[in-house]
Amino acid sequence: MNALRLSPDGTRLVSVVQSLNPDGKSYGAALWEIPQDPGGEPRRLTRSAKGEAGAEFAPDGTLLFVSRRPDETAKEAGGDSAALWLLPERGEPVRVATRPGGIGGVRAAGGTVVYSSEVLPGDAATEEERRKAREEAGVSAILHEGYPVRYWDHDLGPAQTRLFAGRAVREGLEDVRDLTPAPGGALDEHMSFDLTPDGRAVVATWRSPLPNGDVRWDLVAIDVADGSRRTLATSGGHDFGGPVTVSPDGRLVACVRERHGAEETAVALDLWVVDLDTGEGRAVAEEIFPAAVAWAPSSRELFFAADHQGRRPVFRVPLDGEVTRVTADDGAYAELCPAPDGSVYALRGAVDSPPRPVRIAADGSVTTLPSPTPALDLPGTLTEVSATAEDGTEIRGWLVVPAEATAEDPAPFLLWIHGGPLSSWNDWSWRWNPWLMARHGYAVLLPDPCLSTGYGQGMVERGWGDWGPVTHADLMAITDECLKRPEIDEQRTAAMGGSFGGYMANWVAGHTDRFRAIVTHASLWNLDQFAGSTDGANYWQREFGVPGSARYARLSPHRSLGEIRTPMLVIHGDKDYRVPIGEGLRLWWDLQRSGVESKFLYFPDENHWVLKPGNAIAWYETVLAFLSQHVMDEEWTQPPSLS
């Protein structure tokens, strides 16, 4: 489950549920209605080979969604681009809007529907012909005149994100118009937007170019009637980002304000509220890392979910009061949907639970609702652990131990280092799932060292601009503590990490030989090389300085190549633009030329995460085979998926 929406009257709850397609090679998604009674049964609302996403309720209770499904009622069924569909409470879905570049996010209010679409620069009315001409001419080139040019796993341009608005009628949309005919890339990347309750204005994040390749994100209001735009919030030292959400009374908008990092100043995030008329803004919750934000129906308070001590609880903050914690359990909450009766519907995940729908009462009690996803039988136990760092800071984490581990038969140990670096081990992950490793007999430590979120700004500042040394000391301190446990084998150990965790895996490899094996995924290796080739070089330059400066040399793992003795498994995807493939290729060649025992698992068609089902299986099989060889002293066996 990856989305949850509550109807305006609070009577219907709809989720987007992803599952493996029958071919076993891809995933599909469908809309499901979730009962608000624990004794009810989930009901599937849509079914198509192309799947559905982007569910949003209109004020009258009809459901809008995005899908690539063909329209069997139309003469032209449409291409493979995602279209906007309407699902009435009773009846079949109706296609209500299409664009040559597909449709992305959608919002509906006050008789207005606004959606985003990728559009070639120029006249949107001629886009289809121009797209066809480029295709027939075999042109894939993109001419850039500014930064950035890529984002995570896709190229930016030549199409740019625009916002379109239409008047909602029974048959679909009328009077559809382009609100942002020349955005210049301002709505690309991680744009977030919302619609005022009267349908008269769109509030959106807006990327503004700065000198020397830098950018800033502002908050703007766009008039639906004429497309005029005014800036609501801007600051030379901050970005205003999503989630953007307008209060039910239409007076205020909430967003996240992020202070720009600098070489000596760490980033800091606030929950920010702006008056839509005056543009006056203020923080209602400071130095937090919110994952979800939602207004109460009264417009007098906000609910948000934010990282906190290895969890992601729900908090409540009145506009004129203090922040209070609502949920007291170990859950990681998302997709908050406040209801008229004072309760909040949400998705609740945890390290030991995939996301499931819940209802949170006003007193914080949580009721699990029926889910179309099956419950899982986990092969072990989850325990909270902690240790004291060299400077006295408490370092905490989660420890997964297989059920069969005992003092007489202790489990081998895996140190898993999270990415980010501004992140935390607090939620379920299908890609880095410790329970799969427990099923194969391994104990897994999920620690939150310095730079982890949910422990106050001081925890971020401890490692800011000093990634390797301080983080390494924190990781070793909590590893030492866990290895004292009799049910864990202190002699059979390995370390693994991806992204920033991969950076740290490389750092660990060059600064200790205590582990029998190291797995490094999508990892930073040569920081100076990485700094100019990543998709967001401007962001990293704020912390590390201009490429070639002293901080890069001091913190780059490749400088310790000569100290690496531990066998390493290098994993990288060619479509990874956040940590480009050059990092993996350079690391692999450096290990080879230095005689380090190593293997390279390369995915030509994958990005930062490795998402295709078959490739995910190959990932786990290869990691387990590598660990079996070096941690369990078994003979190397080629993974079945790679044979």
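First, a word on what this report is: a plain description of the structure on this page.

Criteria and thresholds
Residues numbered from 1 in each chain as written. Predicted model: local features only at pLDDT ≥ 70, side-chain atom pairs only at ≥ 80, totals over all residues. Heavy atoms only, no water. Pairing = 2+ DSSP bridges. Helix = DSSP H or I, 4+ residues; strand = E, 2+ residues; numbered from the N terminus. Expected span 1.5 Å × (residues − 1). Buried < 20%, exposed > 50% of the residue type's maximum accessible area, 1.4 Å probe, protein only. Contact = heavy atoms within 4.5 Å. Salt bridge = Lys/Arg side-chain N within 4 Å of Asp/Glu carboxyl O. Axes fitted to C-alpha atoms, helices over the stretch in contact; angles between N-to-C directions. Core = buried A, V, L, I, M, F, W, Y, C linked by side-chain atoms within 4.5 Å. Disulfide = S-S within 2.5 Å.

1. Looking at the sheet that holds strand β25 (residues 314–318)
Part 1 of the reasoning: Spatial ordering of the open sheet is given by β23-β24-β25-β26, a layout of four strands whose pairing is antiparallel. The open sheet has two edge strands with one neighbour each: β23 (290–295) and β26 (324–325).
Part 2 of the reasoning: Taken together, the five bridges between strand β24 (residues 301–306) and β25 define a ladder with antiparallel strand orientation. Each residue of the ladder has a partner; that of L302, found in β25, is V317.

2. Details of helix α9 (residues 581–593)
Part 1 of the reasoning: For α9, which comprises 13 residues, the first-to-last C-alpha distance of 18 Å matches the rise-based estimate of 18 Å (1.5 Å per residue) to within 8%.
Part 2 of the reasoning: Listed as buried for α9 are I581, E583, G584, L587, D590 and L591.
Part 3 of the reasoning: For α9, the elements touching its buried residues are α5 (500–511), β36 (517–521), α6 (527–533), β37 (568–573) and β38 (598–603).
Part 4 of the reasoning: Immediately downstream of α9, the backbone of G595 shows phi near 75°, a positive value.

3. Here's the deal with the environment of V317
Part 1 of the reasoning: Along the chain, V317 falls in strand β25.
Part 2 of the reasoning: As a C-alpha pair, V317 and R300 span 17 residues in sequence and 8.9 Å in three-dimensional space.
Part 3 of the reasoning: If sequence neighbours within four positions are ignored, V317 has contacts with L271, V284, E301, L302, F304, E322 and V323.

4. With respect to the pattern of salt bridges
Part 1 of the reasoning: Under the defined criterion, the tally for this structure stands at 39 salt bridges.
Part 2 of the reasoning: We note a salt bridge from D194 to R107, for which the minimum N-O separation is 3.8 Å. Linking D194 in strand β15 (residues 193–195) with R107 in strand β9 (residues 106–109), this pair joins segments that are 87 residues apart in sequence.
Part 3 of the reasoning: According to the relative accessible area criterion, R107 is partly exposed, its value standing at 22%.

5. What about the environment of S560?
Part 1 of the reasoning: Along the polypeptide, S560 turns up in the loop between α8 (550–555) and β37.
Part 2 of the reasoning: For the pair S560 and G510, spaced 50 residues apart in sequence, the C-alpha separation works out to 5.0 Å.
Part 3 of the reasoning: Look past the residues within four positions of S560 in its chain and what remains in contact with it is G510 and H511.

6. Some words on the sheet that holds strand β28 (residues 344–350)
Part 1 of the reasoning: Read from one edge to the other, the open sheet built from four strands follows the order β27-β28-β29-β30, with strand pairing classed as antiparallel. Two strands lie at the open edges of the sheet, namely β27 (332–338) and β30 (366–368), each paired on one side alone. Here the average twist between neighbouring strands, direction ignored, is 30°.
Part 2 of the reasoning: Pairing analysis gives five bridges linking β27 to β28, with the strands arranged antiparallel. Looking at β28, one finds that P338 is bridged to V344.

7. A word on the pairing of strand β35 (residues 488–498)
Part 1 of the reasoning: The buried fraction of β35 is high, at nine of 11 residues.
Part 2 of the reasoning: Strand direction decides the pairing type here: strand β33 (residues 411–417) and β35, joined by six bridges, are parallel. Following the sheet pairing, L414 is matched in β35 by A494.
Part 3 of the reasoning: Sheet topology places β35 next to β36; five bridges connect them, and they run parallel. Within β36, the position partnered with G497 by the bridge is T520.

8. Focus: the nonpolar core
Part 1 of the reasoning: In this structure, L415, L445, W467, Y503, I564 and L591 are the most contacted members of the largest nonpolar core, which totals 59 residues.
Part 2 of the reasoning: Element by element, the count of residues in this core is highest for α5, at seven residues.
Part 3 of the reasoning: Dropping the residues within four chain positions of it, W467 is found in contact with P421, L451, F500, Y503, M504, L524, W540, E543, F544 and L555.
Part 4 of the reasoning: If you look at the next biggest cluster of nonpolar residues, it comprises 30 residues, including A438, M496, I571 and Y620.

9. So, the state of the cysteines
Part 1 of the reasoning: Overall, the coordinates contain zero disulfides when judged by the stated rule.
Part 2 of the reasoning: No disulfide involves C450; its sulfur sits 17 Å from that of C482, the nearest cysteine.
Part 3 of the reasoning: The exposure class assigned to C482 is buried, which follows from its relative accessible area of 1%.

10. What to know about unusual backbone geometry
Part 1 of the reasoning: The omega torsion across G157 and P158 is 0°, close enough to zero to call that bond cis.
Part 2 of the reasoning: Its place among the elements puts P158 in the loop between β12 (154–155) and β13 (160–169).
Part 3 of the reasoning: Look at the link from G420 to P421: it is a cis peptide, with omega at 5°.
Part 4 of the reasoning: Relative to the helices and strands, P421 is located in the loop between β33 and α2 (434–439).
Part 5 of the reasoning: A positive phi angle, close to 45°, is found at A522, a residue other than glycine.
Part 6 of the reasoning: By secondary structure assignment, the location of A522 is in the loop between β36 and α6.
Part 7 of the reasoning: Despite not being glycine, V610 has its phi angle at roughly 65°, a positive value.
Part 8 of the reasoning: For V610, the position within the fold is in the loop between β38 and α10 (613–630).
Part 9 of the reasoning: For V610, a relative accessible area of 0% gives the class buried.

11. Quick look at the side chain of Q629
Part 1 of the reasoning: Relative to the helices and strands, Q629 resides in helix α10.
Part 2 of the reasoning: Not counting residues within four places of it along the chain, the set of residues in contact with Q629 comprises E597, K599, E634 and W636.

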